[in-house]
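Each chain, letter by letter, is given below.
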Amino acid sequence: MIDNLFLISAAVILISALLTITAHNVVHALLYLVVTMLAVSMVFFLLGASFAAALQIIVYAGAIMVLFIFVTMMLHQGEKSLAQERHLFHFSTSIGAFILTLILFCELIFILFFMPLDIDNALTHTYHSEFISVKQIGKQLYGPYSLLVVISAMMLLSALITAIHISKSAHILPKTTKNQEAKL
Amino acid sequence: MIPLSWIFFLSLSLFTIGIFGVLARRNLLFILISLELMLNAVVLLFIAGSRYHPTSIANSDGQIMYILILTLAASEIAIGLSLVIHMYRQHHHLDIDKLNQLRD
Amino acid sequence: MTYYASLLSLIPLLPLFSALILLFSKPNKLTTALLAVGSISGAACISLFLNFVFWQQTDFVLTSNLGNWIKIAQLHINFSLYLDALSLVMITIITGVGALIHLYSIGFMYQDKDFKRYFTYLNLFVSAMLFLVLADNLLLLYLGWEGVGLCSYLLIGFWYQDRDNNLAANKAFLMTRIGDTAMALGLFLLFIELGTLNIQDLQVQALSVWSSSNNNMANLCCLLLLGGALGKSAQFPLQNWLPDAMAGPTPVSALIHAATMVTAGIYLIARNSQLFQMAPDVMYLIAFIGTITLLLGASAAMVQSDLKRILAYSTISQLGYMFLALGVGAGASAVFHLMTHAFFKALLFLSAGALIYSLHHEHNIFKMGGLLKKLPIVATSFAIGCAALASLPFTSGFFSKELILEQLIDSGHTNFWWAAVLGAFITAFYSARLFFVVFLGDSKQSPDKQPEKIMSLVLLLLCFFSLFGGIQPSGIQTLMPKLNASGLTTLQHWLPIVLPFIAISLAWWMFKTNLFGKTITVPALQYFHQLLKSGWAFDRIYQVIFVSPFKFLCQLNKSDIIDLHYRALEKISKLLHKKFSQFQNGKLRCYNASLIIFCVLAFAWFIKGALMS
């Protein structure tokens, strides 16, 4: 039962991911991305990481995707941008990238499945408990991993400041940049 | 009971699709989206690895790492999107191939 | 003794300081003349005083150290001066004749706008020449040697607006450079072989190191030194720069190209006489070269029409006499002839200068004539100069040339003696021809001005020296080992005395029958005349042997065959640079791609390594 569920969600992940990166319309791509996120959260759930699954839906599919969609709408891209995107991306032009990533994929598969690594010793093929509670995670987070919380906080703060700074200076710059463009 | 190798395969595929996106797309927004896919592939490995770890104390570590990566993704997207806005205001397009002024 | 030593160091330094002052200041003409002539006269007075002090002594040595120059490992070179009988004679000639010529130059060059530059060069020259003859080591001598070469170059090309003068200066510089290079090599070899460059030590070392005479290394060293001497003294293979060097002002020709600089080669060999004694083959070569040169110069002087060129060829020929004397081991008589030659050749050149000055820069002797009454002082001095040159009895030239001829017999070189006598005959002939054509006969051009008083004064002083300069300081005699007197036959004694008179009579007869100015109609004779006039066509020979092949090689190597490799290297690196710089194209996707490619390669390497193990 679980295996079947995993296989279905895996197929959904891969197909929607492929559609995400090949879509021409940004909004479509974002919707496919949301589907991918939801399928990933399904996999998390199947692995017994329910907290991660919930966070995946709330933060990724919720907050981050909304951010994306807001930005996309702010740039008010319509039919014009769609045509532009078709011009920018076409599968025939990215054949080199495709081959390159295919080789990389084969190599990684080879390393993981056909070479004797220590993974078999380090990991068991069963997991002990079906479910990890939020309490367990919380204990870990505010116990041995408290530094990690601090780091995350710092990172978010700095990202906040940077984002504000960049979007603010955008109002100041235009004149000079226009001159630069004229020069170029 | 999901075999570990299936999860490995899923994660690798997702990661490679992300790399292909980064390489092939010229639109900055799509590159950011591809980066999200790659991050998800990594997160998947983390959680699977911790769940299959023999010691029970390490079982929750994967999710803690997930939280860290989530904050990382959030900050990255925030900054990346502000850059996208900035770029669009200046150049009125999102083609990264035309951003080559740092060359000289 | 220290008192004398400091006086000695003043001799070369006075003209040097004067040259430096003139170089860095802008005095008016009177100050310039006073400074330049004053410094040389001071040096002359000091050397006369030293002469007076050492007159009776034969074995004196005076040294003075001006400072340290080079001190590396074994090589210790000081600015040390060394005075003995030989250098005393030399400095007396240089400062004495130099002072007179400086004095003369005031009159000759007064109208020239580059008055100051002229005297700067001239003072610098005298200083370098004094360093040359006073040097106690060969390196300092070489410094003076190059210094006089430089001044010679500057003064030949003094009127640099004229292209021909520049070419003549270049020629003189390059021809002497060939000899100087040989000499520099000789210095290196001597230092390697004998471990010192001090001249006196060299003589001692040579005796102990090259114990056997006619050692190959000794021959080679002497040959290289001789190369330098040949270049500087305008001897046989390198002689053809001197006639062209007459492009400079006439007092310069008198000082540098007759009295002093060209005798530097003779001085070098006389100074290193013990070294050269170790190489008898080279000595014989010197005598041989001297003979060739004296005949070659004398015969070329017979047919020239340019006043100064006659004197130049005559100088070459007289220098040949000195080389001949050196070669047979009669160094003392060579130096003696050097001294008398300095007097009468300076006199001749200065009289020629006065002539040229009076006749408005006329050089062709066939456009002069009948000047005896119009320019009496010049004519007198010219006559005395010619007489000394022709070695008429009781002039200074007579004593020195007789001495050389006598020593030739004494050393047993009878064939050289015959050549030298023939040379003396030709010398007398062309001196007579010169005098007759210029001063006797019909007047063709009248002088527009008399020479300046100061010039006449100098001419008279030099007349005195040319007539009575045959008195030899006793020091000279001890310079060289005495030759065994073998006695002369009557013919050998009287022939050199009588021959000049025969030559003069011949010249008189040819002048009376008007043979000199005539154009020659017989083709063979005409050809010979042309050959002689061009100084045995050495310029053309060198053109064919050296210049043309060199030009041909240059033509072949127009595209720099050797440089092609280096240029290919440059091109390849440029190509690679272009290729590699394409990677830095500012495209994010390319950077990403290279990152991924690197990952792919790294993984491939990892897999390969794992599979191999």
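Residues numbered from 1 in each chain as written. Chains lettered and ligands numbered in written order. Predicted model: local features only at pLDDT ≥ 70, side-chain atom pairs only at ≥ 80, totals over all residues.

The name an unreviewed UniProt entry gives chain C is NADH dehydrogenase subunit L, with Pseudoalteromonas denitrificans DSM 6059 as the organism.

If you look chain B up in an unreviewed UniProt entry, it shows as NADH-quinone oxidoreductase subunit K from Pseudoalteromonas denitrificans DSM 6059. In its Subunit (unreviewed entry) section, the UniProt record describing chain B reads: "NDH-1 is composed of 14 different subunits. Subunits NuoA, H, J, K, L, M, N constitute the membrane sector of the complex." For chain B, the Sequence similarities (unreviewed entry) comment in UniProt is given as "Belongs to the complex I subunit 4L family." (UniProt positions renumbered as here; feature names shortened; annotations may be inferred.)

## A short note on the overall build of chain B
Check the secondary structure of chain B and you find three helices and zero strands. Scanning chain B from its N terminus toward the C terminus, one meets helices and strands in the order α-α-α. The proportion of buried residues among the 104 residues of chain B is 58%. The long-range fraction of contacts in chain B, counting pairs at least 24 apart against all pairs at least 6 apart in sequence, stands at 44%. (Helix = DSSP H or I, 4+ residues; strand = E, 2+ residues; numbered from the N terminus. Buried ≥ 20, exposed ≤ 12 C-beta atoms within 10 Å, placed from the backbone. Contact = placed C-beta atoms within 7 Å.)

## Looking at the UniProt feature "transmembrane region" (unreviewed entry) in chain B
All names here are of chain B. The UniProt feature table records "transmembrane region" (unreviewed entry) at residues 6-23, 30-52 and 64-88. With 100% helix and 0% strand, residues 6-23 has its two end C-alpha atoms placed 26 Å apart. Strand forms 0% of residues 30-52 and helix 96%; the C-alpha atoms that close the span are 33 Å apart.

## Regarding the interface of chain A and chain B
Contacts between chain A and chain B engage 70 residues on the former and 64 residues on the latter. When contributions to the side of chain A that touches chain B are tallied by element, the ones reaching two or more residues are α1 (2-22), α2 (26-46), α3 (50-74), α4 (79-88), α5 (95-114), α7 (134-142), α8 (146-172) and α9 (174-183) of chain A. Class assignment of the residues belonging to the side of chain A that touches chain B gives a composition of 51 nonpolar, 17 polar and two charged. (Nonpolar A, V, L, I, M, F, W, Y, C, P; charged D, E, K, R; others polar.)

## Description of the confidence of the model for chain C
The predicted coordinates of low-pLDDT regions are not to be read in fine detail. Residue and element names in this part refer to chain C. Put simply, chain C has an average pLDDT of 86, and 96% of its residues get 70 or more. Mean pLDDT per element in chain C: helix α20 (residues 474-477) is the minimum at 50, and helix α5 (residues 138-156) is the maximum at 93. Long-range and interchain partners of residues 480-484, a stretch whose pLDDT sits below 50, account for eleven contacts in this model, where long-range means more than four residues apart. Two numbers describe this predicted complex: its pTM, 0.67, and its ipTM, 0.90. (pLDDT = per-residue confidence, 0-100.)

## Comments concerning the packing of helix α8 (residues 216-232) of chain C against helix α13 (residues 280-303) of chain C
Two packed helices can be described by the angle between their axes and the distance between those axes. All names here are of chain C. Closest axis-to-axis distance for the α8/α13 pair is 9 Å, and the angle between their directions is 25 degrees. As judged from the angle between their axes, α8 and α13 are roughly parallel. By crossing handedness, the relation of α8 to α13 is classed as right-handed. Contact residues: α8 offers N219, C222, L223, L226 and L230, while α13 offers D281, V282, I286 and I289. (Axes fitted to C-alpha atoms, helices over the stretch in contact; angles between N-to-C directions. Parallel < 35°, antiparallel > 145°, perpendicular 65-115°, else oblique. Left-handed = near helix turned anticlockwise from the far one by under 90°.)

## Thoughts on the environment of L39 of chain B
Residues and elements named next belong to chain B. Its place among the elements puts L39 in helix α2 (residues 28-51). Separated by 33 residues in sequence, L39 and L72 place their C-alpha atoms 9.5 Å apart. What L39 contacts, discounting residues up to four positions off in sequence, is I69 and A73.

## Looking at the interface of chain C and chain A
Across the contact, nine residues belong to chain C and seven residues belong to chain A. Grouping the constituent residues of the side of chain C that touches chain A by class yields nine nonpolar, no polar and no charged.

## Examining α1 of chain A
Between its first and last C-alpha, α1 of chain A extends 30 Å over 21 residues, near the 30 Å set by a 1.5 Å rise per residue. Among the residues making up α1 of chain A, those that are buried are F6, S9, A10, I13, S16, A17, T20 and I21 of chain A. Take α1 of chain A and look down its axis: the buried residues cluster within an arc of 145 degrees, on one side only. Exposed side chains of α1 of chain A directed beyond 90 degrees from the buried face belong to N4, I8 and A11 of chain A. Those residues of α1 of chain A that are buried lie in contact with α2 of chain A together with α1 (4-24) and α2 of chain B. (Expected span 1.5 Å × (residues − 1). Arc of directions from axis to C-beta.)

## Describing the packing of α2 of chain A against α3 of chain A
Residues and elements named next belong to chain A. For the pair α2 and α3, the least separation of the axes is 8 Å and the interaxial angle reads 170 degrees. By the angle class used here, α2 and α3 are roughly antiparallel. Across the interface between the two elements, V26, V27, L30, L33, V34, M37, L38, V40, S41, F44 and F45 of α2 pack against S50, A52, A53, Q56, I57, Y60, A61, M65, F68, I69 and T72 of α3. Along the lines of polarity and charge, the residues of the contact of α2 with α3 split into 18 nonpolar, four polar and no charged.

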